[in-house]
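These are the residues of each chain, in order.
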Amino acid sequence: MLPLLPAVLLLENLNLLQFLTPDVQLRGSDEKMVEFKALAVTHRHVIKNYLNVSISEKLTPVAIAQKLLAKIDLILDYVGRLGNRENRECVYQFVAPDDERDSIFGQWLNRDEAFSRDSVSVTNNIKLPTQVIDTTS
């Protein structure tokens, strides 16, 4: 099993979180989607090594985002199509999951805050003698 920190940092450096804003519609032709795809394709070997996800130039920006979001159990929801008949494009947006994970994260945060509040610093309880240096000759 691979350590999680490199995988999390990789997803962060790919700027995957930019797609997790509710009510923001995303299309494959959006500038940030095109930039995201270019970054993912450039680093496809690192992505394969750390996340075991295959990225290719043939995939759309949305398909790449969906593959990477699946690693953290999230997806972009299809909301419709825009454009005329000759130039239609699928539109997606993030819909936050309604699976109680926020309450679990809140409990973890409360536990961690209580732990840090109740913890005692060892260095505050140690009294070091003050050294006196004789400066007279």
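Structure: above.
A quick note: this is a predicted structure, and the numbers were derived from the prediction, not measured.

Novice: How should I be thinking about the pattern of salt bridges in this particular structure?
Specialist: Working definition: two side chains of opposite charge can pair if their charged atoms are close together. Summed over the entire model, instances satisfying the criterion amount to four salt bridges. The salt bridge involving E89 is made with R27; its shortest N-O contact spans 3.9 Å. Of this pair, E89 sits in strand β2 (residues 89–94) while R27 sits in the loop between α1 (4–13) and α2 (31–42), and the two are 62 residues apart along the sequence. According to the relative accessible area criterion, R27 is partly exposed, its value standing at 30%. K37 serves as the salt-bridge partner of E57, at 4.0 Å between the closest nitrogen and oxygen. Taken together, the positions of E57 in the loop between α3 (44–51) and α4 (61–70) and K37 in helix α2 put the pair 20 residues apart, joining distant regions of the chain. Judged by relative accessible area, E57 falls into the exposed class, the value being 56%. Beyond isolated ion pairs, a larger network of salt bridges with shared partners links R27, D30 and E89.

Conventions we followed
Residues numbered from 1 in each chain as written. Predicted model: local features only at pLDDT ≥ 70, side-chain atom pairs only at ≥ 80, totals over all residues. Heavy atoms only, no water. Salt bridge = Lys/Arg side-chain N within 4 Å of Asp/Glu carboxyl O. Helix = DSSP H or I, 4+ residues; strand = E, 2+ residues; numbered from the N terminus. Buried < 20%, exposed > 50% of the residue type's maximum accessible area, 1.4 Å probe, protein only.

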